[in-house]
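Here's the letter readout for the chains.
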Amino acid sequence: MVDAFYWITIDLLLWGITSIYILKLAPNSSQLMFMFISGVLLWNVAYRGQVDISMGLLEELWNKNLINLFVSPLTFKDWISSLIFISIIKSLISLTFGSILGYFLYRVGILDLFPHLIVFIALLMMTGWWLGLFISGIILRFGTRVQALSWTLVWIVSPFSAIYYPLDILPMWAQMLSKIFPTSYIFEESRNLLYNGQVNYSNLGISAVLNVIYLIASFYFINSSFKKVLAKGLVKIY
Amino acid sequence: MSVLRVSNITKKFKDFVAVDDISFELKEGEILGLLGPNGAGKTTTIQMLLGVLSSTSGDISYFGKKLVTNREEILEKVNFSSTYTNLPWSLTVRENLNYISYLYKIADRKKRIETLTTSFRLEKLVDLEMSALSAGQLTRVNLAKAFINFPRVLLLDEPTASLDPEVARFVRGFILSQREKYKVSIIFTSHNMSEVEEVCDRILFIKDGKIIVDDTPKNLSKSIKESKVHLIITSGDDALLFDYCVDNGMKIYSEKKQYTIDLAQSMIPSLLTFLGHNNINYSEISIDKPDLEDYFLKVASNRKSMEL
């Protein structure tokens, strides 16, 4: 549970201090602090969603406990649902803590994005789930030798998500690639709301559709990975 | 009444056949020993019986229902303990038993955990993390976990490994008492043959993925006809004894005045008569009758040479 507070605190300190320094160099960039802090808080939602799902699996593997779960009446769907449920709880706790800390340190209130904030959070949680399920599917297939994916793969998505900068500063190929990530639409629209006071709902719709497609695909992938594991034997994946 | 029926299950890993078309039944209240050398297919069979390894072909049914289509309903009444699985290290014994009791939907969790921690002498350990326990203590926690749901069928893979003899005896007693009280049916693997003889009603001997013997421990021991006679000879011509043994197909070994003779049980009376008639006197004599361990060693090393 400590990690739900630790990483967001570190990120808030780093990005908050960086934005204070940039504001000294460019005093007219009044929204910069808000952009960085809201970026940290919102990205943390997707990150936590992914990490809590894949780490949930890894902890069972490290403890050699997976077999104890699946010799019980627990179903695979129950187990996946519980991982998602835990990720929701931890994401919300971490977000609440980060929001209070962000306000306390920098007087930045993420609630300014309300009511759209709820949509952003819901979409980012979905991104975290499909990333977490996809990574868990890979770990089920290849065991703990690919465990590093659990805390690294999500960061591959981050440059294309335009968390702290507008999408159009990326090179064209990266802009094209970013279109396949639901996160890029969310962060673009959070900045749109911040700077222009409006949201392009069709972009949020695209993000939602992409999330649903990836979520279905990741459910299918982890389910087929679990079937492969059952063919090898649960006791053999470590 | 049969609580478990295994019909022609086979498990192949690519070209390797780990379990080869085996079939057996487990009756209510029966303790069935699954024996065989390492790599024989015992653990693979147990994993298939638990549904954590899919079989290549064949059917497994508990209580008249197929495992593959009635998994949740069946697994509520089945449990398992093994030395190759652990419970989460960072949780205490009580927390582990508590979360396991949620998985099995135990109604009065607190009472059940108290009963089991008392039964397995874990009262002083319940609030310790698993990482603080010794191997023997971990085995006892795993056994407590296996009994948490009042299982009707229990699969125990080397349940007394890592236990000291006194606790192992206590655990065997507990297993037998549970069978008496609740008619629990148990599949039991162990490398301790005297334990298997004490606990099991019937034994399946598996080798190279096939069941090669299905019989009671007593009958299996009887099937080994060779005994060992140990003698300390005090007077008489031992050359006569050597000649007698060689002529009658017995093996004889000597070290100073101590002699060991391998012979068929039926030959023991004639050996003793021979010693008396030839004035070969001995101060001590002991006879080792064959037991399950002899059977295991013989079958594991070479089945064909065994005289069944």
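Residues numbered from 1 in each chain as written. Chains lettered and ligands numbered in written order. Predicted model: local features only at pLDDT ≥ 70, side-chain atom pairs only at ≥ 80, totals over all residues. Heavy atoms only, no water.

Overview of the domain arrangement of chain B
This is how the line gets drawn: The domain boundaries here were taken from an automatic or database domain assignment.
For chain B, the assigned domains read domain 1 (2-221) and domain 2 (225-289). The straight-line distance from the C-alpha centre of domain 1 of chain B to that of domain 2 of chain B is 45 Å.

Here we look at the sheet that holds strand β9 (residues 202-207) of chain B
Residues and elements named next belong to chain B. The condition is simple: The pairing criterion is simple: DSSP has to find at least two bridges between the two strands. Secondary structure elements are defined from DSSP: runs of H or I of at least 4 residues count as helices, runs of E of at least 2 residues count as strands, and each element is numbered from the N terminus. To get an axis, fit a line to the C-alpha atoms, keeping to the stretch in contact for a helix; angles then go from 0 to 180 degrees between the N-to-C directions. Every residue pair with non-hydrogen atoms within 4.5 Å of one another is taken to be in contact.
Judged by pairing direction, the sheet is mixed, and its 6 strands sit side by side in the order β6-β7-β8-β3-β9-β10 without closing on themselves. Whereas interior strands pair on both sides, the edge strands pair on one side only; in this sheet they are β6 (78-82) and β10 (210-215). Direction aside, neighbouring strands of the sheet carry axes that sit 15° apart on average. Relative to β10, β9 is paired through 5 bridges, and the arrangement is antiparallel. Across the sheet, the residue bridging to Lys-207 is Lys-210, located in β10. Contacting β3 (31-35), β7 (153-157) and β8 (185-189), helix α6 (residues 165-182) crosses the sheet at an angle of about 135° to β3.

Comments concerning helix α8 (residues 182-196) of chain A
Residues and elements named next belong to chain A. What counts is decided by this rule: A helix's residues, less one, multiplied by 1.5 Å, set its expected span. Any residue under 20% of the maximum accessible area for its type is buried, any over 50% is exposed, and the rest in between are partly exposed; the area is computed with a 1.4 Å probe on protein chains only.
Relative to the 21 Å expected for 15 residues at 1.5 Å per residue, α8 spans 21 Å between its end C-alpha atoms, a close match to the ideal helical length. Within α8, 12 of the 15 residues are buried, which leaves it mostly tucked inside the rest of the structure. Turning to α8, its buried residues are Pro-182, Thr-183, Ser-184, Tyr-185, Ile-186, Phe-187, Glu-189, Ser-190, Arg-191, Asn-192, Leu-193 and Leu-194. On its buried side, α8 packs onto α2 (32-62), α5 (116-142), α6 (149-161), α7 (172-178) and α9 (201-232). Positive phi appears at Gly-197, one or two residues downstream of α8, with a value of about 70°.

Quick notes on the packing of helix α3 (residues 93-103) of chain B against helix α5 (residues 135-146) of chain B
For any two helices packed against each other, the geometry is given by the interaxial angle and the distance between the axes. Residues and elements named next belong to chain B. To be explicit about the condition: These descriptions rest on fixed angle ranges, namely under 35 degrees for roughly parallel, over 145 for roughly antiparallel, 65 to 115 for roughly perpendicular, and the rest for oblique. Crossing handedness is read from the near helix: turned anticlockwise from the far helix by less than a right angle, it gives a left-handed crossing, and turned clockwise, a right-handed one. Following the grouping adopted for this structure description, the nonpolar residues are Ala, Val, Leu, Ile, Met, Phe, Trp, Tyr, Cys and Pro, the charged ones are Asp, Glu, Lys and Arg, and the polar ones are all others, Gly among them.
Interhelical geometry of α3 versus α5 gives an angle of 25° and a closest axis separation of 10 Å. When the axis of α3 is compared with that of α5, the two are roughly parallel. In the packing of α3 onto α5, the handedness of the crossing is right-handed. In this structure, α3 uses Val-93, Leu-97 and Ile-100 to contact α5, whose residues at the interface are Val-141, Ala-144 and Lys-145. Classifying every residue of the contact of α3 with α5 by side-chain character gives 5 nonpolar, no polar and 1 charged.

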